[in-house]
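# Structural overview for review
For reference, the chains in residue letters:
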Amino acid sequence: MIDIKKWYGRMVTVLIGLGLIVMISACDKTEPAPEPAPEQPTTTVNDKPPAPASTDNPKADVEDLIDQTEQETLQILQQMEAELNKIEAEKNAQAQKLQEIVKPLTEEPVEELVPLEIELPRPMFVGTPPNTKIERVEKPLGKPRPLLEVPVGTLNLSKEKPVTSSDDNPIIGDLEQITDDDNEGIDGNWVELMFGTQWVQIDLEETCEIYAVVFWHFHMQPWVFRDVVVQVSDDPDFVNVTTLFNNDYDNSSGLGAGDDLHYVETSEGKLVEGKGIKARYVRLYSNGNTENDSNQYIEVGVYGKPIK
Amino acid sequence: MKRYLFICAIVLTVAAALRLPQLSLRPMHTDEAVHAVKFGELLEEGQYRYDPYEYHGPTLYYLTLFTAWLSGAHNLSELTEHTLRIITAIFGVGTILFFLLLADGLGRTAAFFGALLTAISPVMVFYSRYYIHETLLVFFSFLVIAAAWRYRQSNSVGWLLLAGAGIGFIHATKETCIIVYGAMVASLLLCRIGKGQNEILRGAQNGTSSPNDDKVKKGKTGSIIKGKHLIAALLVGMVVSFLLYSSFFTNLQGPRDSLRTYATYLGRADGRGVHDHPWYYYLKMLIYTKDAPGPWWSEGLIMVLALVGFMAAIIGKGIAKSNIRLLRFIAFYTLMMTAAYSIIPYKTPWCMLGFLHGMIILAGVGAVVLVRMMPIMSGRVIISLLLIAGAFHLTHQAYRANFRFFADQRNPYVYAHTVSDVKRLAGLIQDIASAYPAGNDLPIKVIAEADNYWPLPWYLRKFPQTGYWRQAPQDVNEPLVIVGPVWQPSIEEKLEGAYHPEYYGLRPTVQLKVFIRNDLWEAFIKQQQIKN
């Protein structure tokens, strides 16, 4: 005859065990392998627990059954835990073995480091280099500068306007040549100022909207002029200024550091956008060039419209 | 005498005022930088080997040891332009002192004018401030002439030994010493022949005969220099030359190389080099130069006065207290030197110092002759005023050449010269290095033809991790790369996008492109922004 109470107890035990297995398998596997649990008496689920002695008290029988079921469940759980620990330990042992095999392949041996000394090629001594005189050579841009779009009625406001300078007595030329509307790069067509940071200033004679300042330094050769700064102001002493262009990245001219790029002089001149800024005076600075310390100007054109 | 010495002191002061200040102003010429780096090897390693193919003799390097020691420099990176150029500047001033030794032979006034013109001549001043051999060559040549003259006057062997030492120093300075020797010997012979002819003529005119007639006919009028003194002087010269060329007995091949070198230099003189110019190159430069819009330059005053002095020396009239034999010697010497340097196709402007100095000595005499030629006082005053005005103009030119147009091609004495932009490049690299973690150990690659990277080895002397490639290497990944014109397109292809480019001039029409790795450039800009 089938003992239903016993089978019921065993089913409960199995279900609880399965639930615990699921819980244990979800635990963090990175924890160090626990020490193997002490050997427990092995029992299996299929082992039949010893039949309880029959008694004549039914309540006591149920309590005994529950106790027995609990003990059996506990034993089964302990067995399962032991098995799981054993499996975990084996797994860790295998992983460690694998690591010991792989580790020498991936890790570099620890050695003392010293600076790597490379013998660099020394300069080769030479005689006096050739003396190249400047000839008239223009370095082309490669393509024309894109046209700047400006409002209708824009004109050259600086034409024949008065020019002043930090150097009142240029070594070559006269300051009025800078606004004579002649930008040809020919002998005698430029004004040369002293070395160091020098400026030229154009008085437009009234406040205007400025859309572009186009200027030519010495462009018969592909020179690069240093510390080129273009500023506008309504004040002839340039106390309050707006800077339109500044490539003096190290502030060697003391007008503030700028991040505009150096450029090679060409016959197209340098165009600096004004974006309609309102000003009466335009000032251009420079500080020598790649060929000499002097400051040369051929022409400055200020394009815009008077404010009516 | 005291007044004369006082006037000489003023002349020396003017000479020093034009030569000594701001010696670092002008950027280093390629030749100066090469000599500087070679001197650096002597300073650091204590060794010098004469190179018979280039770079001239050892005197410049050994003399610079004194200024280097005084300045406390122990290696190339501790040297400055001032430490190097002060040597040639001092010798340039020192050349003027020899006029004191020749004052009795030239006449005091002529010696004073000669000294003054030496002090203010734009060419003499300009190359006195150059770290090259020319000023030393002029100094030692003039030393020989002055010391030999003093020996003639005093018969004191010490003077002749000094002249002998001068001959040795000339040989140890530059290979063009053979032109100097040749001109001196030829002039002496011409003077002797001339003297003999004069005495024959005088004898014929007077119709007298004397026990000395035979000797006179044979041109033998008695030795001025005692044979044993001459031999001693030449021996001193040989010892001086041997000591220097052998690097004080550490390179016994050196003295032999100092003779072998003439094969190289004779080959250079045959008219197939980049520095070949027509025979009138030097004379045209001295008479008048005006290149492009800008100031004009001329030492025409010296040349005109030199011509007057030359004619006076040959004719033998109007020379007042000057010794005719000394004058004729200097006249022939100057003529020989001018002819030799004009004939040789290889010409660089500093080579004219030798014959120009002879012209200056003659010009001093010529100034006196011109003034004395005027029969009336007003004429003498006018000539004197014109000479003073001319002297002021020469002084103004000397100032302009050295302190305004010192690296400008419109200065005719600026030849194949580095532009000032190179100093800005050096400044940029120093600033970049301060933003680099290892500082001056910043790795720098210079890729350019050998002609197109000097004088960078001088300006980058404080950066030990700098290498110089004449051809583009495979790897150009250094934080900072400097590229000459030929290699710019190919290097630009490799570095575009990862590097920030900047342009810097090296010499006229020679531009370098400097590539700075973007991260380093940004660190530098940030540093500049903080500073400002």
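Please read all numbers here as calculations on a predicted model, not as lab measurements.

With that settled, the discussion passes to the overall build of chain B. When helices and strands are counted, chain B shows 22 helices and 5 strands. For 532 residues, the compact-globule estimate of 2.2 N^0.38 gives 24 Å, and the C-alpha radius of gyration of chain B, at 27 Å, lies within 12% of that figure. Structurally, chain B occupies a C-alpha span of about 95 × 60 × 45 Å along its principal axes. For chain B, buried positions account for 56% of its 532 residues. At a minimum sequence separation of 6, the contacts of chain B that also span at least 24 residues come to 74%. Total accessible area on chain B is roughly 22,400 Å²; 64% of this is exposed by carbon and sulfur atoms. Distance from the positive charge centre (49 side chains) to the negative charge centre (34 side chains) of chain B: 18 Å.

Take helix α4 (residues 81-101) of chain B next. For α4(B), with 21 residues, the first-to-last C-alpha span of 32 Å sits near the 30 Å given by 1.5 Å per residue. Of all the bends in α4(B), the greatest measures close to 25° and is centred on B:Ile87.

The next thing to look at is the packing of aromatic side chains. Residues and elements named next belong to chain B. Taken as a whole and assessed by the stated rule, the structure comprises 40 aromatic pairs over all chains. Where Phe98 meets Phe139, the ring centres are 4.9 Å apart and the plane angle is 50°; that geometry is what we call tilted. Of this pair, Phe98 sits in helix α4 while Phe139 sits in helix α8 (residues 134-154); the two residues are 41 residues apart in sequence, bridging distant segments of the chain. Just as Phe98 is buried, Phe139 falls in that class too. For the ring pair Phe242 and Phe249, a centre distance of 5.9 Å and an interplane angle of 50° mean the geometry is tilted.

A separate point is the pairing of strand β5 (residues 510-517) of chain B. Residue and element names in this part refer to chain B. Of all the 8 residues making up β5, 7 are buried; the element is thus mostly covered by neighbouring parts of the structure. Two elements, strand β3 (residues 480-483) and β5, share 4 bridges in a ladder whose sense is antiparallel. Each residue of the ladder has a partner; that of Ile482, found in β5, is Val514. Here strand β4 (residues 499-507) pairs with β5 via 8 bridges, running antiparallel. In the sheet register, Tyr499 faces β5, and the bridge partner there is Arg517. Here β4 folds back onto β5, and the loop between the two strands holds 2 residues, one of which, Thr509, carries a positive phi near 70°.

Next up on the list: the pattern of salt bridges. Overall, the coordinates contain 17 salt bridges over all chains when judged by the stated rule. A:Glu192 is the partner of B:Arg404 in a salt bridge, and the nearest nitrogen-oxygen pair spans 3.9 Å. With B:Arg404 in the loop between α18 (377-403) and α19 (421-434) and A:Glu192 in strand β3 (residues 191-193), this residue pair bridges two chains. Here B:Arg404 matches A:Glu192 in class, with each residue buried. The partner of A:Arg226 in a salt bridge is B:Asp421, and the shortest N-O contact between them spans 2.6 Å. One end of the pair, A:Arg226, is in the loop between β4 (198-216) and β5 (229-233); the other, B:Asp421, is in helix α19, on a second chain. A single salt-bridge network, built from bridges that share partners, covers A:Glu192, B:Arg404, B:Asp408 and B:Arg410.

Moving on, we come to the confidence of the model for chain A. Residue and element names in this part refer to chain A. Scored by pLDDT, chain A comes out at a mean of 76, with 68% of its residues at no less than 70. Every residue in residues 26-55 scores below 50 in pLDDT, and together they form 22 contacts with partners more than four places removed in sequence or on other chains. Predicted confidence is poor over residues 134-140, with pLDDT under 50, and the contacts of this stretch with residues over four places away or in other chains come to 20 contacts.

Before going further, it helps to spend a moment on the nonpolar core. Grouped together as the largest cluster of nonpolar side chains are 160 residues, with contacts concentrated most on B:Phe39, B:Leu106 and B:Ile482. Sorting elements by how many residues they give to this core places helix α17 (residues 353-373) of chain B first, with 14 residues. For B:Ile482, the residues in contact, after removing those within four places along its chain, are B:Ile429, B:Ile444, B:Lys445, B:Val446, B:Ile447, B:Leu456, B:Leu460, B:Leu512, B:Lys513 and B:Val514. By size, the runner-up hydrophobic cluster in this structure holds 35 residues, among which are A:Ile172, A:Tyr263, A:Tyr297 and A:Ile298.

This part takes up the interface of chain B and chain A. Taken together, the contact between chain B and chain A spans 57 residues of the former and 44 residues of the latter. Taking both sides of the interface into account, the surface hidden between chain B and chain A amounts to around 4,300 Å²; carbon and sulfur atoms contribute 53%. Taken together, the connections running from chain B to chain A amount to 4 salt bridges. For the pair chain B and chain A, the number of links is 10 residue pairs in polar contact (both at pLDDT 80 or more). Within the residue set of the side of chain B that touches chain A, elements represented by two or more residues are α2 (30-45), α19, β2 (466-469), β4, β5 and α22 (518-531) of chain B. In terms of residue class, the side of chain B that touches chain A is built from 28 nonpolar, 15 polar and 14 charged.

The rules behind these values
- Residues numbered from 1 in each chain as written.
- Chains lettered and ligands numbered in written order.
- Predicted model: local features only at pLDDT ≥ 70, side-chain atom pairs only at ≥ 80, totals over all residues.
- Heavy atoms only, no water.
- Helix = DSSP H or I, 4+ residues; strand = E, 2+ residues; numbered from the N terminus.
- Rg over C-alpha atoms; globule rule 2.2 N^0.38 Å.
- Buried < 20%, exposed > 50% of the residue type's maximum accessible area, 1.4 Å probe, protein only.
- Contact = heavy atoms within 4.5 Å.
- Areas by Shrake-Rupley, 256 points an atom, 1.4 Å probe, with all protein chains shown as cover.
- Lys, Arg positive; Asp, Glu negative; His and termini not counted.
- Charge placed at Lys NZ, Arg CZ, Asp CG, Glu CD.
- Expected span 1.5 Å × (residues − 1).
- Bend = angle between axes of the 7 residues up to and from the residue.
- Phe/Tyr/Trp six-rings, centres within 6.5 Å; stacked < 30°, edge-to-face > 60°.
- Pairing = 2+ DSSP bridges.
- Salt bridge = Lys/Arg side-chain N within 4 Å of Asp/Glu carboxyl O.
- pLDDT = per-residue confidence, 0-100.
- Core = buried A, V, L, I, M, F, W, Y, C linked by side-chain atoms within 4.5 Å.
- Buried area = accessible area lost by both parts, 1.4 Å probe.
- Polar contact = N/O pair within 3.5 Å; in protein donor to acceptor, adjacent residues only side chain to side chain.
- Nonpolar A, V, L, I, M, F, W, Y, C, P; charged D, E, K, R; others polar.

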